[in-house]
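Given next are the chains, with one letter for each unit.
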Amino acid sequence: MDLRELVSALNDFASPALAESWDNVGLLVEPSPPHTVKTLFLTNDLTEEVMEEAVQKKADLVLSYHPPIFTPLKRVTWKTWKERLVVRALENRIGIYSPHTAYDAIPHGVNNWLTKGLGACTSVPLHPSTAPSSPAEGTHRVEFCADAEHLDAVLFKIKDIPEISCLTTLPARVEGEEQTRVTLNCSQKALPEAVALLSQNNLLHKTEILLLQKPLVPQTGMGRLCTLREPVPLSDIIERIKGHLKLPHVRVAVGTGRTLESPVKKAALCAGSGSSVLKGTEADLYLTGEMSHHEVLDAVAHGISVILCEHSNTERGFLAELRDALTIHLQNKINIIVSEKDRDPLQVA
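This structure is a prediction, so every number in the text was calculated from the model and none was measured. (Residues numbered from 1 in each chain as written. Predicted model: local features only at pLDDT ≥ 70, side-chain atom pairs only at ≥ 80, totals over all residues. Heavy atoms only, no water.)

## Looking at the sheet that holds strand E14 (residues 305-308)
Quick note on the threshold: In this description, strands pair whenever DSSP reports at least two bridges between them. Only runs of H or I of at least four residues qualify as helices and only runs of E of at least two qualify as strands under DSSP, and these elements are numbered from the N terminus. A fitted line through C-alpha atoms serves as each axis, taken over the contacting stretch for helices, and the angle formed by two N-to-C directions is quoted from 0 to 180°.
Spatial ordering of the open sheet is given by E5-E10-E12-E13-E14-E11, a layout of 6 strands whose pairing is mixed. Edge strands, defined here as strands with exactly one partner in the open sheet, are strand E5 (121-130) and strand E11 (251-253). Ignoring which end each strand starts from, the neighbouring axes of this sheet average 25° apart. Pairing geometry for strand E13 (residues 285-290) and E14, over 4 bridges, is parallel.

## Concerning the UniProt feature "binding site: a divalent metal cation" (unreviewed entry) in the protein
Quick reminder of the rule: UniProt positions are given in the numbering used here, feature names are shortened, and annotations may be inferred rather than shown by experiment. Note on classification: 1.4 Å probe, protein chains only; a residue is buried when its accessible area is under 20% of the maximum for its type, exposed when over 50%, partly exposed between these limits. Residues count as neighbours in contact if any of their non-hydrogen atoms are within 4.5 Å of one another. Pairing of N or O atoms within 3.5 Å defines a polar contact, subject to two protein rules: one partner must be a possible hydrogen donor and the other a possible acceptor, and residues neighboring in sequence count only if both atoms are side-chain atoms.
Cross-referencing UniProt, the feature "binding site: a divalent metal cation" (unreviewed entry) maps to His66, Asp104, His311 and Glu315 in the present numbering. The greatest C-alpha distance among the residues just named is 13.4 Å, despite their covering 250 residues of sequence, which places them together in space. Checked against the element boundaries, aspartate 104 lands in helix H4 (residues 101-105). With relative accessibility at 6%, the residue aspartate 104 sits in the buried group. If near-sequence neighbours (up to four positions away) are discounted, aspartate 104 is found in contact with Tyr65, Val110, Asn111, Gly221, Met222 and Arg224. A relative accessible area of 23% means that histidine 311 is categorised as partly exposed. Excluding its chain neighbours within four sequence positions, the residues that come into contact with histidine 311 are His66, Gly272, Ser273, Gly289, Glu290 and Asp344. Within polar-contact distance, the side chain of histidine 311 engages the side chain of glutamate 290 at 2.6 Å.

## Let's talk about the pattern of salt bridges
Under the convention used in this document: The rule for a salt bridge is simple: a side-chain nitrogen of Lys or Arg has to be within 4 Å of a carboxyl oxygen of Asp or Glu.
Enumeration according to the criterion identifies 15 salt bridges in this entry. Measuring nitrogen to oxygen at the nearest pair gives 3.3 Å for the salt bridge that ties glutamate 30 to arginine 4. In this pair, glutamate 30 is assigned in the loop between strand E1 (26-29) and strand E2 (39-43) and arginine 4 in helix H1 (residues 3-13), connecting sequence segments 26 residues apart. Relative accessible area serves as the criterion here: at 38%, glutamate 30 is assigned to the partly exposed category. Linking aspartate 284 and arginine 258 is a salt bridge whose minimum nitrogen-to-oxygen distance equals 3.7 Å. Taken as a pair, aspartate 284 in the loop between helix H9 (275-278) and E13 and arginine 258 in the loop between E11 and strand E12 (263-273) lie far apart in primary sequence, 26 residues in all. The exposure class assigned to aspartate 284 is buried, which follows from its relative accessible area of 18%.

## Section: the nonpolar core
The criterion, for reference: Buried residues of nine kinds, namely Ala, Val, Leu, Ile, Met, Phe, Trp, Tyr and Cys, make up a nonpolar core once their side-chain atoms join them within 4.5 Å.
Grouped together as the largest cluster of nonpolar side chains are 66 residues, with contacts concentrated most on Tyr103 and Leu326. In this structure, tyrosine 103 is in contact with Phe13, Ala14, Leu63, Tyr65, Gly109, Val110, Phe318, Leu322 and Leu326, ignoring residues within four places of it in sequence.

## Here's the deal with the pairing of strand E8 (residues 177-186)
With 7 of 10 residues buried, E8 is to be regarded as a mostly interior element. For strand E6 (residues 140-146) and E8, the ladder comprises 7 bridges, and the chain directions are antiparallel. Across the sheet, the residue bridging to histidine 140 is cysteine 186, located in E8. The pairing of strand E7 (residues 164-174) with E8 spans 9 bridges and is classified as antiparallel. Bridge assignment links threonine 169 to a residue of E8, and that residue is valine 182. In sequence, E7 turns back onto E8 through a hairpin of 2 residues, with glutamate 175 there showing a positive phi of about 50°.

Right under this line is the structure:
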């Protein structure tokens, strides 16, 4: 497949618009076109060892769940390991694509894969995603009526306000008088200036301001709140998680007033570093990769047990499922392989 065609298909699989605003997702490194992709290489973290593996396996595009370029690069030299990744990628005509939190949000993504470690359960996003393109522009809709005396002057000035869009006019009859109804979309920043202009022209009493709320996307968003079909002792949940993630151990903090035999009915989870997503959620258990010492103490004080599995251990196992899903999505047009060198950097010595 042509690289640009493949990137479009990957964006259809998980829209980059669903990623968090702070994230850096999409195509990060692009070899000069035209660039044909025969082999897509999947990894959780793109380290130098993994890049060498991608080169040896003749990958044309690396899909790295974590973006290897996150903070801006001021130069591309051989000095730092992230710069060297870019150099190696371009020298070997390998593109780099990262989905990160877009894959956290989608219904068929990382967090839904993680829920499978709990056993039979239902789940909903902790922080639902909103539709990225509806409404397309503006945060508020402003509607007002004006007579011929005010209309031209108001329209002339309002068009000069930045971040005003979708301005339309229609004839209207108000209290027996022929007037014009004006509708426009504006940003939060532009709203005060628009209101001030209407006030100066004595039109506020004929004005309606509506907040434009984007609809929620079903089963899409950050984190998951899971309700188990049957309550299960915490000790059993621990064994299930270890089996699902193929780990010999996890770290556990038992909530105040709880024991390893206490039942777990509701579990809140977030792959990776989940404390900001989980915070304040009422549950019997928090499951994530990592939390700070004080965040764990706070959860335990509220009677919530915590299971920590290390950051990328809660994500990496998804790659095998992703390979199968992308094979179907891309209609078997390219070879998809999963890195054998990718691993969590932390080990128990």
